[in-house]
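# Results of the structural survey
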Amino acid sequence: MTNFFTVTKTSEVIELSSTSSEAENSSLERALLWKIDYHILPLLYLAYITTFIDRANIGNVKIEGMLTDLDMKGNDYNIALIVYAVPYILLELPSSLALRRYRPGNYIAFIMFGWGVATVGAGITRSYAGLLVCRFLVGCFEAGLIPSCTFLMNQYYKKFEFQRRYSFFFTGSHIGGAFSGFLTYALVKMNNIGGYSGWRWVFIIEGLFTILLAIASFFLIVPLPENVTFLTPSEKIILLKRLEGDHLTAASEDKTPLTLSEAIKTMTHWKVVLPLLACFACNIAASATTAFQPTVLKNLGFTSSSAQIHTIPVYMSGLFFCLLFGFASDLTRIRYPYVLLGSAITLVGWTLELAAVKHIDVSTGLGWPHQRYAGIFLLLIGFSIELPILIVWAGSNLKGRKERVVGFAILIGGSQLGNLVSANVFIARQEKCGFKTGMATGVGVGCLGVLAVSVFFGGLWWENRGLEKRESDGEEGSGDEREFRNVL
């Protein structure tokens with residue numbers, strides 16, 4: 001632990017020195033981190049849970065009467081998934097860049113309010129066209145939330161403090177997924193209240209909660225570290241000082257506008273492209289689980305209500321392994337073995353689901369129920385281990401605030417291309433035969449993911465070797481280059 005904390009008070013300012021003991025420094029750090037955690041994580045975590053519920057609820061209400069009431073046939077449901085995914089992908093980067101211009105609380109509250117209103121609209125609409133419009137708007141507004149939250153949290157923590165916190169934040173998707181099934185199970189019992197079907201109340205109630213949370217977010221979400229208001233002046237100095245050596249970002253660099261050429265350079269850098277391929281492959285498992293898991297479970301012989309409840313253990317298992325390996329990755333200070341393990345588990349899950357296809361009775365959709373349910377568990381466990389560590393790993397190997405805001409947006413937004421793939425390969429007419437095309441595609445992209453993370457690791461190792469060789473040969477480099485090493 002670096003000995004720069006402590007501690008001579010002059011007026012209200014603490015001057016940092018290296019004279020304090022390791023125990024004193026560690027105590028100061030822990031107290032500061034607890035205070036930061038308390039002010040940052042709870043509200044962002046709740047926002048992530050909300051965005052996942054509002055994204056996943058369409059998969060839950062699909063089997064609760066929505067298709068019949070809106071006269072949806074064939075691939076109409078898949079099209080509803082696509083119209084959400086397209087704006088989500090395209091607006092991820094522009095939406096994230098707005099965080100550099102506007103106060104985080106104002107911006108995040110604005111987009112939350114927008115998708116909350118659109119979610120309520122999805123419950124009120126009387127036509128399939130109206131549903132498409134509402135899902136399109138939800139995709140537009142939700143696009144900026146996760147990269148904005150990721151970037152905001154990243155600015156407060158050092159690289160080996162951030163993973164465990166991001167993994168905790170990431171479990172919001174598991175809580176949201178599990179709670180979405182439970183909420184649907186409960187809210188559909190409001191069927192015919194006020195003249196609305198039960199599935200409509202799912203959209204309406206969940207959208208109204210999002211609107212209320214957006215209002216709270218306007219007042220409670222923290223600014224960037226240089227504008228922080230919840231720390232004392234001395235704590236702010238300590239925070240900025242400890243981040244200075246870890247983030248390797250010049251203050252002047254952060255005050256200059258991001259140019260198009262800088263954004264393109266980051267977007268096309270191999271440190272973004274390779275993990276993006278892996279994120280894309282990984283996210284197909286997540287999007288397929290979110291959108292089609294209730295349907296698959298119903299085809300295993302469960303009733304609609306039972307299928308909703310049986311999604312909960314799947315998400316809870318993913319949550320456990322997400323936290324376990326997130327903490328382990330920070331403690332061991334390595335990333336690749338955990339990412340590779342997650343991608344391998346996902347690949348096994350896809351393989352099991354594909355193998356089950358030939359054992360399914362196409363007239364009923366039944367067959368191999370235990371193996372297929374186990375496959376769903378493996379898909380979500382592998383995704384839960386891999387994706388949060390992969391995003392933090394890639395971001396920690398980018399330098400400066402500009403590279404990171406672009407990198408996080410591209411990784412998170414580009415991974416949503418998986419939604420487009422899953423919406424097109426999980427074909428409605430294959431529902432009773434186990435979605436053979438979707439499962440085969442999953443196996444293929446699973447192999448791509450394993451390859452991409454391995455090549456990414458090799459590139460990082462090779463670059464570190466080159467930096468060390470130049471230092472050993474006595475070559476001069478910039479200050480950042482002398483300090484910087486890729487996380488492996």
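Since this is a predicted model, take the numbers as computed values, not measurements. (Residues numbered from 1 in each chain as written. Predicted model: local features only at pLDDT ≥ 70, side-chain atom pairs only at ≥ 80, totals over all residues. Heavy atoms only, no water.)

## Structural notes on the environment of Gly438
Cut-off, in case you're wondering: Every helix listed is a DSSP run of H or I at least four residues long, and every strand listed is a run of E at least two residues long, numbered separately from the N terminus. Burial here depends on accessible area, computed with a 1.4 Å probe over protein chains only, as a share of the maximum for the residue type. Under 20% is buried, over 50% is exposed, and the range in between is partly exposed. Every residue pair with non-hydrogen atoms within 4.5 Å of one another is taken to be in contact.
By secondary structure assignment, the location of Gly438 is in helix α20 (residues 436-472). Relative accessible area serves as the criterion here: at 1%, Gly438 is assigned to the buried category. The sequence separation of Gly438 and Trp350 amounts to 88 residues, and the corresponding C-alpha distance is 9.2 Å. Filtering out sequence-adjacent residues up to four positions away, Gly438 remains in contact with Trp350, Val425, Phe426 and Gln430.

## A word on the pattern of salt bridges
Convention followed: The term salt bridge refers to a pairing of a side-chain nitrogen on Lys or Arg with a carboxyl oxygen on Asp or Glu at a separation within 4 Å.
Enumeration according to the criterion identifies 11 salt bridges in this entry. With a closest N to O distance of 2.7 Å, Arg165 and Asp37 form a salt bridge. Of this pair, Arg165 sits in helix α8 (residues 159-170) while Asp37 is found in helix α1 (residues 22-61), placing the two residues 128 residues apart along the sequence. For the pair Arg165 and Asp37, a shared accessibility class is recorded, and that class is buried. Of the charged contacts in the structure, one is a salt bridge between Asp330 and Arg164, with a shortest N-O distance of 2.9 Å.

## What about the packing of aromatic side chains?
The geometry of an aromatic ring pair is captured by two quantities: the separation of the ring centres and the angle between the planes. Convention followed: We call Phe, Tyr and Trp rings a pair once their centres come within 6.5 Å, taking the six-membered ring for Trp, and we label the pair stacked below 30 degrees between planes, edge-to-face above 60, and tilted otherwise.
Applying the stated criterion across every chain yields a total of 24 aromatic pairs. Measuring from ring centre to ring centre gives 4.6 Å for Tyr48 and Phe169, while their planes differ by 25 degrees; the resulting arrangement is stacked. Separated by 121 residues along the polypeptide, Tyr48 in helix α1 and Phe169 in helix α8 bring together distant segments of the chain. Note on Tyr48: relative accessible area 4%, which makes it buried.

## What about the side chain of Ser396?
Quick reminder of the rule: Pairs of N or O atoms are called polar contacts if they sit within 3.5 Å, as long as, within protein, a hydrogen donor faces a hydrogen acceptor (for residues adjacent in sequence, only side-chain-to-side-chain pairs).
Within the secondary structure, Ser396 sits in helix α17 (residues 369-396). Only 2.8 Å separates the side chain of Ser396 from the backbone oxygen of Trp393, close enough to count as a polar contact. Those residues in contact with Ser396 that lie beyond four places of it in its chain are Lys159, Arg404, Phe484 and Val487.

## A few points about the packing of helix α9 (residues 172-187) against helix α10 (residues 198-220)
Helix packing for two helices is described by the angle between their axes and how far apart those axes are. Operational definition: Helix axes are fitted only over the stretch in contact, all axes being lines through C-alpha atoms; the angle between N-to-C directions runs from 0 to 180 degrees. To sort the angles, those under 35 degrees are grouped as roughly parallel, those over 145 as roughly antiparallel, those from 65 to 115 as roughly perpendicular, and the leftovers as oblique. Each crossing is labelled by how the near helix is turned from the far one, with a counterclockwise turn of less than a right angle marking it left-handed and a clockwise turn marking it right-handed. Ten residue types, Ala, Val, Leu, Ile, Met, Phe, Trp, Tyr, Cys and Pro, are classed as nonpolar, four, Asp, Glu, Lys and Arg, as charged, and the remainder, Gly among them, as polar.
Remark: α9 packs on α10, axes separated minimally by 8 Å, with the N-to-C direction vectors making an angle of 125 degrees. The pairing of α9 with α10 is recorded here as oblique in orientation. The element α9 and its partner α10 pack so that their crossing is right-handed. On α10, the residues touching Leu183, Thr184 and Leu187 of α9 are Gly198, Trp201, Val202, Ile205 and Glu206. When its residues are assigned to classes, the contact of α9 with α10 shows 5 nonpolar, 2 polar and 1 charged.

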